[in-house]
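# Coordinates in review
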Amino acid sequence: MTINNLTTYSATMKHIRFFIIAMAAVLSAVSCKSQYEMLLNSNDADLKYDAAFKYFDQEKYQKAAALFESLSVLTNGTERDDTVRYYWGLSNYRNSDYYTAETNFSDFVGSFPRSPFAPQARFLRIDCLYRQTLRYELDQSPTNLAISAINEYIAEYPDNENIGVCRDMLDDLNKRLDTKAYEGAKLYYKMEDYIASRVALRNVLKDNSENVYREDILYYIAMSSYKYAHLSVRSKQKERYLTFIDDYLNFVGELPDSPYRRELDVLYRRAQKELGRPVDTELFDDIDEKDFAKERKRLAREAKIEDRRNRKLLKESEADVVEEAVLDEEEINSAETGEKK
């Protein structure tokens, strides 16, 4: 055999080996797929039950969810019914399919209100609702739904270990609603429509006097009335400066140590001067307005940093609680033989 023939033969054998390996991989994949599909279509409840938990333990949650869903038909009305339905929802939850998981847990709680899994199913449903909420600029209907579910959970399970996380969620969601109301009203201030700004901000506090931005709202109410007076014609200024003074006194009476106090003190003295009342002008003539703007920006940055820190802590708390959602084998057996609906 010549050298050229040997080279050709060697190349051919390499191609053949590569083809054999590739075919083996394809056949193996097809075999595995067929095995799973056969299992999925099987009517052997015990086999499917064991396989579903095997996939779940291997963190193959999509396959586990499909098996639990199929298995729910076979175990309907049996002692395994609530276990299968619970882990069907939990598999979807672990697969980050929160919309489907929320539906699973909602149906579960309705069907098995006295199941040992019920408290955790209700909590996980709440977590699914929480994860589906939107940032404050968007529609807050999901936020209101989550708040309602959390309040019901707290009322029914006041001593549950998940209450701390629920309260943190509730605080975050309520803050989101407060932010939407506050930012919507403050938009008029940014647009320099100071009449509408003052009215809108006062309405925010009228709707919810405990808004988390109460200090900022009272500050912008006072600022709106001052700027409206300052920009008014001379004949209207006296009445409008008096309105500002009322807003100022309301602010300092409630928040005497606020970081906004110094700026409002300056504006108060200027208003007093405009009203012809005696005031020490040396206290504010050398004040640069830019200093106050810088201070407001600094406070806003600190608030954002604190908000991010709180959100991070909430996510860590959620992760710890969710890890406890999986019961061990002994607890599963206990749940299966427990009292049904």
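Rules and cut-offs
- Residues numbered from 1 in each chain as written.
- Predicted model: local features only at pLDDT ≥ 70, side-chain atom pairs only at ≥ 80, totals over all residues.
- Heavy atoms only, no water.
- Helix = DSSP H or I, 4+ residues; strand = E, 2+ residues; numbered from the N terminus.
- Buried < 20%, exposed > 50% of the residue type's maximum accessible area, 1.4 Å probe, protein only.
- Contact = heavy atoms within 4.5 Å.
- Salt bridge = Lys/Arg side-chain N within 4 Å of Asp/Glu carboxyl O.
- Axes fitted to C-alpha atoms, helices over the stretch in contact; angles between N-to-C directions.
- Parallel < 35°, antiparallel > 145°, perpendicular 65-115°, else oblique.
- Left-handed = near helix turned anticlockwise from the far one by under 90°.
- Nonpolar A, V, L, I, M, F, W, Y, C, P; charged D, E, K, R; others polar.
- pLDDT = per-residue confidence, 0-100.
- Expected span 1.5 Å × (residues − 1).
- Core = buried A, V, L, I, M, F, W, Y, C linked by side-chain atoms within 4.5 Å.
- Phe/Tyr/Trp six-rings, centres within 6.5 Å; stacked < 30°, edge-to-face > 60°.
- Lys NZ or Arg CZ within 6 Å of the ring centre and 35° of its normal.

## Thoughts on the overall build of the protein chain
Looking only at helices and strands, one finds 14 helices and zero strands in the protein chain. Listed N to C, the secondary structure of the protein chain is α-α-α-α-α-α-α-α-α-α-α-α-α-α in terms of helices and strands. Buried residues in the protein chain amount to 38% of all 341 residues. Looking at the protein chain alone, contacts between residues at least 24 apart form 60% of all its contacts between residues at least 6 apart.

## Side note on the side chain of Thr143
Along the chain, Thr143 turns up in helix α7 (residues 141–156). Owing to a relative accessible area of 0%, Thr143 belongs among the buried residues under this scheme.

## Quick word on the pattern of salt bridges
Oppositely charged side chains can pair when the atoms bearing their charge come close. Summed over the entire model, instances satisfying the criterion amount to 11 salt bridges. For Glu156, the salt bridge identified is with Arg122, shortest N-O distance 2.3 Å. A residue pair is termed long-range when its members are at least 10 positions apart, and Glu156 in helix α7 and Arg122 in helix α6 (residues 118–131) qualify at 34 residues. Between Arg198 and Asp247 there is a salt bridge, with its nearest N and O atoms 2.9 Å apart. Taken as a pair, Arg198 in helix α9 (residues 194–207) and Asp247 in helix α11 (residues 234–254) lie far apart in primary sequence, 49 residues in all. By relative accessible area, which is 7% here, Asp247 ends up buried.

## Some remarks on the packing of helix α4 (residues 81–94) against helix α5 (residues 98–111)
For the pair α4 and α5, the least separation of the axes is 7 Å and the interaxial angle reads 160°. Between α4 and α5, the angle falls in the class roughly antiparallel. In the packing of α4 onto α5, the handedness of the crossing is left-handed. Judged by residue contacts, Asp82, Arg85, Tyr86, Trp88, Gly89, Leu90, Asn92 and Tyr93 of α4 engage Tyr98, Thr100, Ala101, Asn104, Phe105, Asp107, Phe108 and Ser111 from α5. Taken together, the residues that form the contact of α4 with α5 break down as eight nonpolar, five polar and three charged.

## Description of the confidence of the model for the protein chain
Summarising the model, the protein chain shows a mean pLDDT of 84, and 73% of its residues fall at 70 or more. α9 holds the highest mean pLDDT among the elements of the protein chain, 97, whereas helix α14 (residues 329–336) holds the lowest, 51. In the model, residues 337–341 has pLDDT below 50 throughout and makes nine contacts with residues more than four positions away in sequence or in other chains.

## A word on helix α10 (residues 214–230)
Between its terminal C-alpha atoms α10 stretches 24 Å, which fits the 24 Å expected from 17 residues at 1.5 Å a residue. Among the 17 residues in α10, 12 count as buried, and that is most of the element. For α10, the set of buried residues is Asp216, Ile217, Leu218, Tyr219, Tyr220, Ile221, Ala222, Met223, Ser224, Ser225, Tyr226 and Ala229.

## Describing the nonpolar core
Grouped together as the largest cluster of nonpolar side chains are 47 residues, with contacts concentrated most on Phe68, Tyr86, Tyr87, Leu90, Tyr93, Phe105 and Ile150. Secondary structure elements with two or more residues in this core: α1 (3–40), α2 (45–57), α3 (61–74), α4, α5, α6, α7 and α8 (163–190). Broken down by element, the residue count for this core peaks at seven residues, all from α6. When sequence neighbours within four positions are dropped, the list of residues in contact with Phe105 reads Tyr86, Gly89, Leu90, Tyr93, Ala121, Leu124, Arg125 and Cys128. Grouped together as the second largest cluster of nonpolar side chains are 29 residues, Ala200, Leu201, Ile245 and Phe251 included.

## Observations concerning the side chain of Glu102
Along the chain, Glu102 falls in helix α5. Residue class for Glu102 comes out buried when judged on its relative accessible area of 13%.

## Overview of the packing of aromatic side chains
Evaluated as defined, the whole model comprises 26 aromatic pairs. Seen in terms of ring centroids, Tyr182 and Tyr213 are 4.8 Å apart; in terms of plane orientation they differ by 15°. Their pairing is stacked. Of this pair, Tyr182 sits in helix α8 while Tyr213 sits in the loop between α9 and α10; the two residues are 31 residues apart in sequence, bridging distant segments of the chain. Exposure class is identical for Tyr182 and Tyr213. Each is buried. Chaining the aromatic ring pairs together yields one cluster made of Tyr49, Phe53, Phe56, Tyr61, Phe68, Tyr86, Tyr87, Phe105, Phe108, Phe112 and Phe117. It is Lys63 that lies over the ring of Tyr36; its NZ or CZ is 5.0 Å from the centre. Above the ring of Tyr49, the side-chain terminus of Arg80 is found at 3.9 Å from the ring centroid.

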